[in-house]
Amino acid sequence: MFGTYETIDARPTLQFERRIGHPIEDVWRAITEPDQLAQWFPCTVELDLRLGGRMSFVFPPGTAAEEAVTMLGSVTELDPPRRFAFEWGEDHLHFALEPADGGAACLLRFTVELEARDKAARDGTGWHQCLDGLETLLDGGGSSRPYDPDAWRGLYDEYERRGFPTGAAIPE
């Protein structure tokens, strides 16, 4: 369940692999439809779901700054329902899906190319919680975006113990 860290093509990279007990089509909707993303992704997302389509990511006040913050990106890869990649600020996110268990489940491979090495432990922790939220949503548990500082800190400490680079500012 924990992600891994390595340098790929001179870029710091996080990789996660999860077997999700839902069909690939359900997982695809959860990673590409704004109303689904709003339930587990760290911000709201507006997107033009086509190769090269523009994306905007809006963080409400108090999440990334005192005021609302908007980041921009674009779709860099799209092969429904198997591959979806996009720029997220300076990072590059890749979702790869493949059916498992005769189609009853899905193998999700999530890769994050980071713009800075010192973000690895912090962002690894955040994406770990987001992927937990994705699974909660798919399991019928509803929205899972609330931030629990104690759980976050425990995960961060574990990512640091596993050797993920640190140094980026962390949530208070």
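I will try to describe carefully the structure that is included in this document. Nothing here was measured: the structure is a model prediction, and the numbers come from that model.

Some words on unusual backbone geometry
In the segment running from Pro80 into Pro81, the intervening peptide bond is cis, with an omega of -10 degrees. Among the structural elements, Pro81 can be located in the loop between β5 (69-79) and β6 (83-88). Unusually for a residue other than glycine, Asp9 sits at a positive phi of about 50 degrees. Residue position: Asp9 is located in the loop between β1 (4-8) and β2 (11-20). Notably, Ala10 is not glycine yet its phi reads approximately 65 degrees, a positive angle. With respect to the helices and strands, the residue Ala10 is situated in the loop between β1 and β2.

Brief notes about the nonpolar core
Grouped together as the largest cluster of nonpolar side chains are 41 residues, with contacts concentrated most on Trp40, Phe41, Phe84, Phe86, Trp88, Trp127 and Leu134. Take this core: its biggest share by element is 8 residues, from helix α3 (residues 120-138). The contact partners of Trp88, leaving out residues within four places of it in the chain, are Phe41, Pro42, Cys43, Phe57, Phe59, Met71, Leu93 and Trp127.

What about the pattern of salt bridges?
Taken as a whole and judged by the stated rule, the model has 16 salt bridges. In this structure, Arg11 engages Glu113 in a salt bridge whose closest nitrogen and oxygen atoms are separated by 3.6 Å. Residue Arg11 is found in strand β2, and its partner Glu113 is found in strand β8 (residues 105-113); the two are separated by 102 residues along the sequence. Taking the relative accessible area as the measure of exposure, Arg11 reaches 25% and is therefore partly exposed. A residue is classified by how much of its surface remains accessible, and Glu113, at 22% relative accessible area, is partly exposed. Between Asp48 and Arg50 there is a salt bridge, with its nearest N and O atoms 2.7 Å apart. Each of Asp91, Glu115, Lys119, Arg122 and Asp123 takes part in salt bridges that share partners, so that together they form one network.

A word on the environment of Gly3
Here Gly3 is to be found in the segment before β1. Distance from Gly3 to His128, taken between C-alpha atoms, is 7.2 Å for residues 125 residues apart in sequence. Other than its neighbours up to four places away in sequence, Gly3 contacts Gln15, Phe16, Tyr159 and Phe164.

Quick word on the pairing of β8
Of all 9 residues in β8, 7 are buried; the element is thus mostly enclosed. Bridge count between β2 and β8: 8 bridges; the pairing is antiparallel. Residue pairing for β8: Ile20 is matched across the bridge by Cys106. As paired elements, strand β7 (residues 91-100) and β8 share 9 bridges and run antiparallel to each other.

Concerning helix α4 (residues 149-161)
Between its first and last C-alpha, α4 extends 18 Å over 13 residues, near the 18 Å set by a 1.5 Å rise per residue. Looking only at α4, the buried set comprises Trp152, Leu155, Tyr156, Glu158 and Tyr159. Taken end-on, α4 shows its buried residues confined to a sector of 160 degrees, consistent with a single buried face. Seen from the buried face of α4, the exposed residues on the opposite side, beyond 90 degrees, are Asp150 and Arg161. Looking at the residues trailing α4, positive phi occurs at Gly163, about 95 degrees.

Here is what the cut-offs are and how they apply
Residues numbered from 1 in each chain as written. Predicted model: local features only at pLDDT ≥ 70, side-chain atom pairs only at ≥ 80, totals over all residues. Heavy atoms only, no water. Helix = DSSP H or I, 4+ residues; strand = E, 2+ residues; numbered from the N terminus. Core = buried A, V, L, I, M, F, W, Y, C linked by side-chain atoms within 4.5 Å. Buried < 20%, exposed > 50% of the residue type's maximum accessible area, 1.4 Å probe, protein only. Contact = heavy atoms within 4.5 Å. Salt bridge = Lys/Arg side-chain N within 4 Å of Asp/Glu carboxyl O. Pairing = 2+ DSSP bridges. Expected span 1.5 Å × (residues − 1). Arc of directions from axis to C-beta.

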